[in-house]
Amino acid sequence: MTPHVVSTKTLLKSTIAATVIAIIVFVCFILPAEYNIDPTHIGHTLGLTALAHDDDETTLKAETPASAKQGQHVVEVTVPAGKGIEYKFQMNQYDKMTYEWLSDGEPLYFDLHGEPEDDSTGYFESYAIATLSEMKGSFTSPFKGSHGWYWKNNSDKTVAIQLIVEGQYTVIGLK
């Protein structure tokens, strides 16, 4: 049994056909959905222009209250030896935040948590609990309320923390 050999002519035809299909998909679907560029108006007809990033940013700005900060916040927090402190942010449901915090070397017990607004029961939800000297991640608020960190310094030395956050929030600060 001999293997099937594709001729150069057939390979060239297949390559040209694939390129033409890729261009059509790019112009008719990707440009409208990703960049709100719709030269054929097919994207608008199919509703793809609503997916464009520019529309998402406009919607996000319209839904975000003026009090919610968009940007980066850097704060230095000192945790005395044998003590604990809390640093909080007010966030609406589904607001997003990226964060990074690092201590000056000593690991700290921490609890990243949130408390629903207007809750009188004392309920809170923990998202991460560990003992670390640094942490980096992202967070989407599951409910409207205050969200932040409790750090406990179990060492006999004062520990400094640098906290860097970016996203949608209003700073509450130390509690």
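The structure this text deals with has already been given above.
Read on for a plain summary of the structure. Keep in mind it's a predicted model, so treat the numbers as computed, not measured.

**With respect to unusual backbone geometry**
A negative phi angle is the norm for most residues apart from glycine, just as the trans form is the norm for most peptide bonds. Positive phi is not limited to glycine here, since Tyr-94 has a value of about 75°. Topologically, Tyr-94 is positioned in the loop between strand 2 (84–91) and strand 3 (96–103). Note on Tyr-94: relative accessible area 56%, which makes it exposed. One non-glycine residue, Asp-118, adopts positive backbone phi at about 60°. Note that Asp-118 resides in the loop between strand 4 (108–116) and strand 5 (125–132). Residue Asp-118 is classed as exposed on the basis of its relative accessible area, which comes to 75%.

**Concerning the packing of aromatic side chains**
Summed over the entire model, instances satisfying the criterion amount to eight aromatic pairs. Between Phe-89 and Trp-149 the ring centres are 6.4 Å apart and the planes differ by 85°, which places this aromatic pair in the edge-to-face class. Pair noted here: Phe-89 is in strand 2 and Trp-149 is in strand 7 (residues 145–152), with a separation of 60 residues, a long-range link. You'll find Phe-89 and Trp-149 in the same group, each marked buried. Between the aromatic rings of Trp-101 and Trp-151, the centroid separation amounts to 5.7 Å while the plane-to-plane angle is 75°, which identifies the pairing as edge-to-face. One end of the pair, Trp-101, is in strand 3; the other, Trp-151, is in strand 7, and 50 residues separate them in sequence. A single burial state applies to Trp-101 and to Trp-151, both of which are buried. An aromatic cluster of three or more residues is present, and its members are Tyr-87, Phe-89, Tyr-99, Trp-101, Phe-110, Trp-149, Trp-151 and Tyr-169.

**Notes on the environment of Lys-157**
Inspection of the secondary structure puts Lys-157 in the loop between strand 7 and strand 8 (159–174). In the structure, Lys-157 is positioned 76 residues away from Ala-81 in sequence and 4.9 Å away in space, judged by C-alpha atoms. In this structure Lys-157 touches Val-79, Ala-81 and Glu-106, once residues within four positions along its chain are discounted.

**Structural notes on the environment of Phe-89**
Among the residues examined, Phe-89 registers a relative accessible area of 0% and is labelled buried. C-alpha of Phe-89 to C-alpha of Leu-174: the two residues are 85 residues apart in sequence and 9.5 Å apart in space. Not counting residues within four places of it along the chain, the set of residues in contact with Phe-89 comprises His-73, Met-97, Gly-145, Ser-146, His-147, Trp-149, Leu-163, Val-165, Tyr-169, Thr-170, Val-171 and Ile-172.

Scoring rules and cut-offs
- Residues numbered from 1 in each chain as written.
- Predicted model: local features only at pLDDT ≥ 70, side-chain atom pairs only at ≥ 80, totals over all residues.
- Heavy atoms only, no water.
- Helix = DSSP H or I, 4+ residues; strand = E, 2+ residues; numbered from the N terminus.
- Buried < 20%, exposed > 50% of the residue type's maximum accessible area, 1.4 Å probe, protein only.
- Phe/Tyr/Trp six-rings, centres within 6.5 Å; stacked < 30°, edge-to-face > 60°.
- Contact = heavy atoms within 4.5 Å.

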